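# What the coordinates show
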Amino acid sequence: MDYLVVIFATHIDGYCSTGVSPSDYTVPSEVKAAGFDICADELGSIVEGHDVKKLRFHGGVSGIARKLCTSTNDGLPKDADALRRRQELFGINKFAESESRSFWVFVWEALHDMTLMILAVCAFVSLIVGIATEGWPKGAHDGLGIVASIMLVVFVTATSDYRQSLQFKDLDKEKKKISIQVTRNGFRQKMSIYDLLPGDIVHLAIGDQVPADGLFVSGFSVLIDESSLTGESEPVMVGSETPFLLSGTKVQDGSCKMLITTVGMRTQWGKLMATLSEGGDDETPLQVKLNGVATIIGKIGLFFAVITFAVLVQGLLVRKWKDGSHVDWNAEEAMEMLEYFAIAVTIVVVAVPEGLPLAVTLSLAFAMKKMMNDKALVRHLAACETMGSATTICSDKTGTLTTNHMTVVKSCICMSVHEVGNPSKFANLKSELHDSALKLLLQSIFNNTGGEVVMSKEGKREILGTPTEAAILEFGLSLGGEFQAEREAVKLVKLEPFNSTKKRMGAIVELPGEGGRMRAHSKGASEIVLASCEKVINAKGEIVALDDSSVKFLQATIDQFAGEALRTLCLAYKEVQGGFSPNDAIPESGYTCIGIVGIKDPVRPGVKESVAVCHAAGIAVRMVTGDNINTAKAIARECGILTSDGIAIEGPVFREKSQAELLELIPKIQVMARSSPLDKHTLVKHLRTTFDDVVAVTGDGTNDAPALHEADIGLAMGIAGTEVAKESADVIILDDNFSTIVTVAKWGRSVYINIQKFVQFQLTVNVVALVVNFSSACMTGSAPLTAVQLLWVNMIMDTLGALALATEPPNNELMKRAPVGRKGHFITNVMWRNILGQSFYQFLIIWKLQASGKLMFELEGPNSDLVLNTIIFNSFVFCQVFNEISSREMESINVFRGIMNNYVFVMVLGATVAFQIIIIELLGTFANTTHLTSHQWGASVLIGFIGMPIAAILKMVPV
Ligand SMILES: Nc1ncnc2c1ncn2[C@@H]1O[C@H](COP(=O)(O)OP(=O)(O)OP(=O)(O)O)[C@@H](O)[C@H]1O
Ligand SMILES: [Ca+2]
């Protein structure tokens, strides 16, 4: 679809008269023909340029809406043809994506490997010298062998890189699936931001990202964070005087309705996106660490390679010196030199564990894909590996531990406690309420709210807004209130939307008649709102002073509700004397308490079990919530988070503690209630720095963003989460479920362990290959493993090994051990034991073969060296094949568990064996091998197999 935008963009440019002063603006004929009175470029210049003059010229926001043939109340009409025409003229809300790279780019990149290039030069020289001396095709075998191996390596590397890039592309798409509330055809609906068109009416709330450029229509206290566009961190006020909203910016506070004017690539954000290149995650910490390891090993390899080469050349020179032929060289000797050089280079190739970073990516990408199926979307690759070492999870309560389906189940209106929930109980409550109190209550509920009650397309009543708001609106409806009627009865002068720092929201309404009397409504965390009350409505409907006994009664009620795990909210009002201008602040004291409601939000099924899994896995779970302490405690107890030796603390208390006190306190904190965004951040920071914990934080709201950012792994909720929270997070939990977080931890651990397994396997091969070639070069003057053979071994241990070992799915055992934490060594003692033990065996057996293999296999004649070397090569490869199986487990003896479920492993192993047979039996001329008898085959396989019981015995050695 993108090309459409471009075509029309250029098309319209010809007509549109941008840059001219507003008064001589003429509408392009094409636009006019479609019924619009303004073109896309003009709209773009107004909003992007914050051009108040032009805006005024077009009749302000309502004028623009008219010219765009839309209504600020009902949005765009449904007519599909008209929508299509609109899209043709104004474009769609998509951003040009950077071109995806083709397979050949990856081939080209794989070819850029230094060692491979040197080898290619060797092959080339070998080909020329070979053909010149021995003729075609005999002289070309060695060279062709190397060329083929290089091609194989390049091809496999490129294929795997290419496949990764495709996967990341899919993920990128998933990441960008954002929907938003839109009014079209008179109905509120959720829509993908990509379907937005100029003229659409979008509802923005705190935490949303502005999806396209547009104008503010109506709303309150809108603060926009434009830092993503301008880098300016100070938020900008948006209102009817400065109505410009730019895409890519975020709503930091307030809520509003906006009219979309400019979409897609025409917006500044679109242009910005086009200049950013896609994908390409930074390297993860593990990758960085492993790259370091790889460099060291590479250097060791280089050292050995140089010595091996020197020793081999020296052997040749000494031989020639003895012959006295050191001055004249024949081609065969030149070839020999070249082969030595090739071997030296190959030793470097083998030594450099290119597979390490690859294994990490493979493993992470695999985990990422699987996690997506398990409802976790990984935004930053590094997160999954970090999650594996997490020692603490700071979870928020609402929505993560609970279902986020809230209903009012108890109320204490006018000082009398009622259970509500079914129609008869509501009738009961209603009959007891005094008329004037009921009126006040409904006025408060329906005006002092961030939610809305609307009719859906199907004619059903729908409640919009956060779950808390929805619960209260539902409560109001059940009491016989009507949203529209209450809204029309008074005029809303100001609304201060809820935010987590204040923990309350307020509204000012103008009452009808009587010279514009004003009334303030306040709603919020019950202790806080109650503290600002001076009066209360009593059971008779009279307004009386709030005396000590009433305060005690209300506080006891709050505690009682909270003790039953209910979220409590207090509603209060105040008559505002002496007028009110919208720029004034809503009063904070002198209120009259209407009542308290208790909202039930049941704990999610399975949370208790998941918390238990975390505890078994040595991960501490803490609840950090903005809710009342007793509510939090009750729920934490229900989930198994709060235990008898744990501490529950309130944010304001926590804030006052000294550094020394915190040191003592923090490890014991299991619940932190009434926390502000900053408290959450402080706790996480302390845990990370002072206690060296690896901290995972979950959150949904904008208030959680700082903590999510600070955390080692931020997990945002996919359903309830705001865009701001999601953007600060590393992982998005698509089903908002705590159990999914445990799954992420499990995958993280499996990634970590899989990479460890792979490293163990690869280091073993490395050590043996290096030592064998080096020692025999030193002692016998020849290398048993040739360049082509080494390249094949390299392939087995690098790419194929990574594939086989890095993609093992997790098992439940993983969650029964302690987390690695921040200080754990990547290569553990267990791994060293396995590596050294196994290498020792392999080295010994190959050494034995070299020393007395001819005797053992009764080899004689001119071919005996070749046969023996083939046997050595074959045994060496089979040692790796069986060691690959042993490497599936680092500690447990049973290495076969679940092997048949991991078909990649089985396939890789099968392919390795099959190709080994082909190399030896069919490609002997290229690989410097020869046909082996069944007896010799059996012996090589047996030698490899013995590595397995040895690995098993090693696992019994305690470290
Ligand atoms: N729409 C609202 N209007 C007024 N008060 C509200 C509203 N929503 C929540 N509250 C009050 O604020 C408290 C929650 O504050 P906040 O949103 O900061 O919590 P949170 O950190 O998101 O908590 P959680 O861990 O439960 O998600 C609630 O206990 C309630 O008393
Ligand atoms: Ca929250």
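Conventions and cut-offs
- Residues numbered from 1 in each chain as written.
- Chains lettered and ligands numbered in written order.
- Predicted model: local features only at pLDDT ≥ 70, side-chain atom pairs only at ≥ 80, totals over all residues.
- Heavy atoms only, no water.
- Salt bridge = Lys/Arg side-chain N within 4 Å of Asp/Glu carboxyl O.
- Helix = DSSP H or I, 4+ residues; strand = E, 2+ residues; numbered from the N terminus.
- Buried < 20%, exposed > 50% of the residue type's maximum accessible area, 1.4 Å probe, protein only.
- Axes fitted to C-alpha atoms, helices over the stretch in contact; angles between N-to-C directions.
- Parallel < 35°, antiparallel > 145°, perpendicular 65-115°, else oblique.
- Left-handed = near helix turned anticlockwise from the far one by under 90°.
- Contact = heavy atoms within 4.5 Å.
- 1 Å grid on protein atoms, 1.4 Å probe; cavity = no way out; pocket = protein on both sides within 12 Å on 5 of 7 lines; lining within 4 Å.
- Points joined across faces, edges and corners; volume = space filled by probe spheres on them.
- Nonpolar A, V, L, I, M, F, W, Y, C, P; charged D, E, K, R; others polar.
- Polar contact = N/O pair within 3.5 Å; in protein donor to acceptor, adjacent residues only side chain to side chain.
- Donors = N, O, S within 2.8 Å, 3.2 Å for Na, K, Ca; no water.
- Domains from an automatic or database assignment.
- Buried area = accessible area lost by both parts, 1.4 Å probe.
- Lys, Arg positive; Asp, Glu negative; His and termini not counted.
- Pairing = 2+ DSSP bridges.
- Near = heavy atom within 4 Å.
- Expected span 1.5 Å × (residues − 1).
- Patch = residues over 30% accessible without salt bridge, like charges linked within 9 Å, V, L, I, M, F, W, Y side chains within 5 Å.
- Areas by Shrake-Rupley, 256 points an atom, 1.4 Å probe, with all protein chains shown as cover.

### Quick look at the pattern of salt bridges
The full count for this structure, using the stated rule, is 31 salt bridges. Across the pair Arg-319 and Glu-336 runs a salt bridge whose closest N-O atoms are separated by 3.2 Å. In this pair, Arg-319 is assigned in helix 12 (residues 285–323) and Glu-336 in helix 13 (residues 331–351), connecting sequence segments 17 residues apart. What makes Glu-336 partly exposed here is its relative accessible area of 24%. When the shortest N-O distance is used, the salt bridge between Glu-469 and Lys-523 registers 2.7 Å. Here Lys-523 lies in strand 16 (residues 518–525) and Glu-469 lies in helix 18 (residues 467–478), a separation of 54 residues in the sequence. As far as the burial class goes, Glu-469 and Lys-523 line up, both buried. When salt bridges with common partners are traced through the structure, they connect Lys-397, Glu-527, Arg-567, Asp-627 and Arg-674 into a single cluster.

### A few points about the packing of helix 21 (residues 548–563) against helix 23 (residues 629–639)
Contact pair helix 21 / helix 23: the axes reach a minimum separation of 7 Å and the direction vectors enclose 20°. Put simply, helix 21 runs roughly parallel to helix 23. Judged by the twist between their axes, the crossing of helix 21 over helix 23 is right-handed. Residues Asp-559, Ala-562 and Gly-563 of helix 21 touch helix 23, and the partners they reach there are Asn-630, Thr-631 and Ala-634.

### Some points on the layout of surface pockets
Estimates place the volume of the second largest pocket at around 1,200 Å³. Lining the second largest pocket we find 37 residues, and of these Asp-142, Glu-336, Glu-339, Thr-786 and Asn-928 sit closest to its centre. Secondary-structure elements contributing two or more residues to the lining of the second largest pocket are helix 8 (114–134), helix 9 (141–175), helix 12, helix 13, helix 30 (787–806), helix 32 (864–886) and helix 34 (924–927). Sorting elements by how many residues they give to the lining of the second largest pocket places helix 13 first, with nine residues. Within the lining of the second largest pocket, the residues separate by chemical class into 15 nonpolar, 13 polar and nine charged.

### So, helix 23
When we look at burial in helix 23, the residues that qualify are Ile-629, Thr-631, Ala-632, Ala-634, Ile-635, Ala-636 and Cys-639. On its buried face, helix 23 sits against helix 21, strand 19 (567–576), helix 22 (607–616), strand 21 (620–624), strand 22 (647–650) and strand 23 (669–673). If you check the start of helix 23, you find a side-chain oxygen 2.7 Å away from the backbone N of Asn-630, and it comes from Asn-628. One or two residues past the end of helix 23 sits Gly-640, with phi positive at roughly 85°.

### Remarks on the coordination of the calcium ion (ligand 2)
Every protein donor of the calcium ion (ligand 2) is accounted for by Asp-396 (OD) and Asp-700 (OD), and the metal-donor separations fall at 2.4 to 3.1 Å. Linking Asp-396 in the loop between strand 9 (392–395) and strand 10 (407–413) with Asp-700 in the loop between strand 24 (695–699) and helix 27 (705–710), this pair joins segments that are 304 residues apart in sequence. Per residue, the accessibility class of Asp-396 equals that of Asp-700, and both read buried.

### Topic: empty space enclosed by the protein
For the structure shown, the criterion picks out two cavities of 30 Å³ or more. Surrounding the largest cavity, Gln-760, Phe-761, Thr-764, Asn-834, Gln-838, Asn-883, Ser-886, Ser-887, Ala-951, Leu-954 and Lys-955 form its lining. Mapped by element, the contributors of at least two residues to the lining of the largest cavity are helix 29 (738–780), helix 31 (829–856), helix 32 and helix 35 (934–956). Residue composition of the lining of the largest cavity, grouped by class: three nonpolar, seven polar and one charged. Quantified by volume, the second largest cavity comes out at close to 60 Å³.

### With respect to unusual backbone geometry
Not every positive phi belongs to a glycine, and Lys-375 is a case in point at roughly 75°. For Lys-375, the position within the fold is in the loop between helix 14 (355–373) and strand 8 (376–378). Phi is positive for Cys-414, which is not a glycine, with a value near 50°. Along the polypeptide, Cys-414 turns up in the loop between strand 10 and strand 11 (416–419).

### Brief notes about the domain arrangement of the protein chain
Splitting the protein chain by domain gives domain 1 (374–402 + 604–744) and domain 2 (407–600). For domain 1 and domain 2, the distance between their C-alpha centroids amounts to 31 Å. On the domain 2 side, the residues contacting the 16 residues of domain 1 number 14 residues. Around 1,000 Å² of area is buried between domain 1 and domain 2 when both sides are counted, 47% of it from carbon and sulfur atoms. The largest per-residue losses of area from domain 1 upon contact with domain 2 belong to Asn-630, Thr-631 and Arg-674, which jointly make up 39% of the total buried on that side.

### Observations concerning the environment of Gly-139
In this structure, Gly-139 sits in the loop between helix 8 and helix 9. Owing to a relative accessible area of 4%, Gly-139 belongs among the buried residues under this scheme. C-alpha separation for the pair Gly-139 and Val-378, spaced 239 residues apart in sequence, amounts to 53 Å. Filtering out sequence-adjacent residues up to four positions away, Gly-139 remains in contact with Ser-126, Gly-130, Ile-131, Glu-134 and Met-335.

### A few points about the side chain of Arg-604
With respect to the helices, strands and loops of the structure, Arg-604 is situated in the loop between strand 20 (591–600) and helix 22. Buried and unpaired, Arg-604 has no salt bridge, with Asp-736 as the nearest side chain of opposite charge at 4.9 Å. Of note is the side chain of Arg-604, whose polar atom sits 3.0 Å from the backbone oxygen of Gly-399. Non-local contacts of Arg-604, meaning those with residues more than four positions away in its chain, are made with Gly-399, Thr-400, Leu-401, Thr-402, Thr-403, Asp-735, Asp-736, Asn-737 and Phe-738.

### Digging into the packing of helix 31 against helix 32
Axis separation between helix 31 and helix 32 bottoms out at 10 Å; the angle between their running directions is 165°. If you check the angle between helix 31 and helix 32, you find them roughly antiparallel. The interaxial crossing formed by helix 31 with helix 32 has right-handed handedness. Of the residues in helix 32, those touching helix 31 at Gln-838, Tyr-841, Gln-842, Ile-846, Leu-849, Gln-850, Gly-853 and Lys-854 are Ser-864, Asp-865, Leu-868, Ile-871, Ile-872, Ser-875, Phe-876, Cys-879, Gln-880 and Asn-883.

### Brief notes about the environment of Lys-746
Structurally, Lys-746 can be placed in helix 29. On the basis of relative accessible area, Lys-746 is assigned to the partly exposed category, the value being 22%. Lys-746 sits 362 residues away from Cys-384 along the chain, and the two C-alpha atoms are 9.4 Å apart. The contact partners of Lys-746, leaving out residues within four places of it in the chain, are Pro-810, Asn-811, Asn-812, Leu-814 and Met-815.

### What about the pairing of strand 12 (residues 452–455)?
Sheet analysis places strand 12 next to strand 13 (residues 461–464), joined by four bridges and oriented antiparallel. Residue pairing for strand 13: Val-453 is matched across the bridge by Ile-463. Between strand 12 and strand 13, which pair antiparallel and follow one another directly, the connecting turn spans five residues, one of which, Gly-459, has a positive phi of 80°.

### Structural notes on the site of ligand 1
Near ligand 1, the surroundings consist of 22 residues, among which Thr-398, Glu-469, Ser-500, Asp-627 and Lys-680 are the closest. Within the side chain of Lys-503, an N or O atom sits 2.9 Å from an oxygen atom of ligand 1. Those elements that provide at least two residues to the shell around ligand 1 are helix 18, strand 16 and strand 19. When the residues that make up the shell around ligand 1 are grouped by side-chain class, the tally is five nonpolar, eight polar and nine charged. A domain-level breakdown of the shell around ligand 1 finds at least three residues from each of domain 1 (374–402 + 604–744) and domain 2 (407–600).

### With respect to helix 35
The periodicity of an α-helix, 3.6 residues per turn, causes residues three or four positions apart to be oriented the same way. With 23 residues, helix 35 extends 34 Å between its outermost C-alpha atoms, agreeing within 8% with the 33 Å of an ideal straight helix rising 1.5 Å per residue. All of the buried residues in helix 35 are Gln-936, Trp-937, Ala-939, Ser-940, Ile-943, Gly-944, Gly-947, Met-948, Ala-951, Ala-952, Leu-954 and Lys-955. Its buried side turned inward, helix 35 meets helix 31, helix 32 and helix 33 (903–921).

### Considering a nonpolar patch on the surface
A cluster of nonpolar side chains, namely Met-114, Met-117, Ile-118 and Phe-341, defines an oily patch on the protein surface of about 360 Å² accessible area. In terms of residue count, helix 8 provides more of the nonpolar patch than any other element does, three residues in total. Assignment of secondary structure puts Ile-118 in helix 8.

### Details of the environment of Ala-787
Here Ala-787 lies in helix 30. In this structure, Ala-787 is in contact with Ile-146, Glu-339, Ala-342, Ile-343 and Thr-346, ignoring residues within four places of it in sequence.

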